[in-house]
Amino acid sequence: MAIRAAPMASGSLLSSDPPFFQRIINNRHCFLSPRNPTHSTPKPFLCIHFEPTGFALGVRPTFRRHSKLLSTLPKAADSTQPSSVSSPSADKTIIPDDQFSVAKVSFGVIGLSLGVSLLGYGFGAYFNILPGSEWSAIMLTYGFPLAIIGMALKYAELKPVPCVTYSDALQLRETSATPILKQVRNDVIRYRYGDEQHLEEALKRIFQYGLGGGIPRRSAPTLQMIREEVSEDGKYCLVLVFEAKALQLSDFERRQAKFTSFFGPGITAEIAKGEKDLYEVRLISNSNSTTTSP
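For clarity, every value in this text was computed on a predicted model and none was experimentally measured. (Residues numbered from 1 in each chain as written. Predicted model: local features only at pLDDT ≥ 70, side-chain atom pairs only at ≥ 80, totals over all residues. Heavy atoms only, no water.)

1. As for the overall build of the protein chain
Stated precisely, the cut-off is as follows: We count a stretch as a helix when DSSP gives it H or I for four or more residues in a row; a strand needs E for two or more, and each element gets its number in order from the N terminus. The classification of residues rests on relative accessible area computed with a 1.4 Å probe and restricted to protein chains. Under 20% of the type maximum is buried, over 50% is exposed, and intermediate values are partly exposed. Between two residues, a contact is recorded if the distance between any of their heavy atoms is within 4.5 Å. Note on areas: Shrake-Rupley, 1.4 Å probe, and residue coverage restricted to the protein chains presented here.
Each helix and strand in the protein chain was counted, giving 9 helices and 10 strands. Residues classed as buried in the protein chain amount to 31% of the 294 residues present. Sequence separation of at least 24 residues holds for 59% of the intrachain contacts in the protein chain that already meet a minimum separation of 6. Carbon and sulfur atoms make up 58% of the accessible area of the protein chain, which amounts to about 19,300 Å² in all.

2. Here's the deal with the environment of C237
Within the element layout of this structure, C237 appears in strand β8 (residues 236–243). For C237, a relative accessible area of 0% gives the class buried. Considering only alpha carbons, one finds C237 and L283, 46 residues apart in sequence, at a separation of 5.5 Å. Those residues within four positions of C237 in sequence are excluded, and the remaining contacts are R227, E228, E229, S231, R282, L283 and I284.

3. Quick notes on the pairing of strand β5 (residues 163–166)
To keep things clear, this is the line we draw: Only when DSSP finds a minimum of two bridges between them are two strands counted as paired.
Judged from the 2 bridges that link them, strand β3 (residues 94–95) and β5 form a sheet pairing that is antiparallel. The residue bridging I95 from the neighbouring strand is T165, located in β5.

4. Let's talk about the packing of aromatic side chains
Basically, it comes down to this: Stacked, tilted and edge-to-face are the three classes applied to pairs of Phe, Tyr and Trp rings, where Trp contributes its six-membered ring and a pair requires centres within 6.5 Å; stacked means planes under 30 degrees apart, edge-to-face means over 60, and tilted covers the rest. Here, a charge over a ring is recorded when the distance from Lys NZ or Arg CZ to the ring centre is within 6 Å and its angle to the ring normal is within 35 degrees.
Per the stated rule, a full pass over the model turns up 9 aromatic pairs. Taken together, a centroid distance of 6.1 Å and an interplanar angle of 80° make the contact between F207 and F259 edge-to-face. Of this pair, F207 sits in helix α7 (residues 200–207) while F259 sits in helix α9 (residues 256–263), and the two are 52 residues apart along the sequence. An angle of 35° between the planes, with centres 6.4 Å apart, marks the rings of F242 and F252 as tilted. Of this pair, F242 sits in strand β8 while F252 sits in helix α8 (residues 249–253); the two residues are 10 residues apart in sequence, bridging distant segments of the chain. Using a relative accessible area of 1% as the deciding quantity, one classes F242 as buried. An aromatic cluster is built from F207, F242, F252, F259, F262, F263 and Y279, whose rings are joined through pairwise contacts. In this structure, K273 is placed above the aromatic ring of Y279, and the distance from its NZ or CZ to the ring centre is 4.9 Å.

5. Considering the nonpolar core
Just so we agree on the cut-off: What we call a nonpolar core is a set of buried Ala, Val, Leu, Ile, Met, Phe, Trp, Tyr and Cys residues that are connected through their side-chain atoms within 4.5 Å.
Core analysis: the biggest nonpolar cluster contains 34 residues, and L199, F207, L240, F252, F259 and F263 have the highest contact counts within it. Elements with a contribution of two residues or more to this core: α5 (167–176), α6 (179–188), α7, β7 (222–230), β8, α9, β9 (267–273) and β10 (278–285). Residue contacts for F263: discarding those within four places in its chain leaves I180, V184, L199, A202, I206, L240 and L283.

6. Looking at a nonpolar patch on the surface
Just so we agree on the cut-off: Only residues whose relative accessible area exceeds 30% and that form no salt bridge enter a patch; like-charged residues are grouped when within 9 Å of one another, and nonpolar side chains (Val, Leu, Ile, Met, Phe, Trp, Tyr) when within 5 Å. Here, a salt bridge means any side-chain nitrogen of Lys or Arg that lies within 4 Å of a carboxyl oxygen of Asp or Glu.
The grouping of Y121, F123, Y126, F127, I129, L130 and F144 at the surface amounts to a nonpolar patch, some 760 Å² of accessible area in total. The biggest single contributor to the nonpolar patch is helix α3 (residues 107–126), with 3 residues. On the secondary structure map, I129 appears in the loop between α3 and α4 (136–155).

7. Some points on α4
Heads up, the condition is: Each helix should span, by expectation, one fewer than its residue count multiplied by 1.5 Å.
End to end, α4 covers 28 Å across 20 residues, agreeing with the expected 28 Å (1.5 Å per residue, within 8%). Buried residues of α4: S136, M139, L140, G143, A147 and G150, and no others. Here the buried face of α4 lies against α3.

8. Overview of the pairing of β7
Note: β5 against β7, 3 bridges, orientation parallel. From the neighbouring strand, T165 faces β7, where its bridge partner is E228. In this structure, β7 lies alongside β8, joined through 8 bridges in antiparallel fashion. Note that in β8 the partner of R227 across the bridge is V239. The turn joining β7 and β8, which pair antiparallel and follow one another in sequence, is formed by 5 residues; a positive phi near 80° is taken by G234.

And the structure:
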């Protein structure tokens, strides 16, 4: 391959002696540019660095254009540099509530199932289809009231709302949650009977159903779920998620002080807008967890 001499940025002219360039090419790094399509003659460029003598040749403008392209190539990440993305300190692992409790059992289902079973077996034994005809009268006597009570409880039953508990909030519940927040959590995650909705008394006082400045009862928000989490400043927080299709965010914000006073003392209420018709009332405990030193 023939190498042409080209004027350098310093104004000097390289020798076109092939052996001279051949020795350089064999011993040093050379970069040759392709033919420039905008010129009729080749425009080679040469970058030579003499390490022993510290002598360096100039760089042609063509090479500067290529160097700009090379500078834009992505570089490999240095494994010794710290990562700019830090993992959050809060533990957002969801703790399942799989502990057995009598409050999680539906007495309506139990009463209805037991009453229907006694009635069915009592009728079968009475007509000699099933054994135990001497006990049929007792089973029919107790089966009727149990079935009626079960149906009544099932009709007046209010199912518990889902509860999402994060691991870091679980650790703070016993030490930081106020007694009222603990009671609110326990009340809404169990079956209730006779109430139209969860936290009915609290919502009645806060939103003042049918009173001046209040809202109609048909527009009352309904509790959909609760969530236990840790606030940004490391405090226990119980989040009440309400659904209110007929209300606006301003309706909750105007009653922020009432949420604080009703579920207080020792808490701060914050209002936030959720998805679609959902609104969040964040009850943040102001008490800090305390540790006793030995």
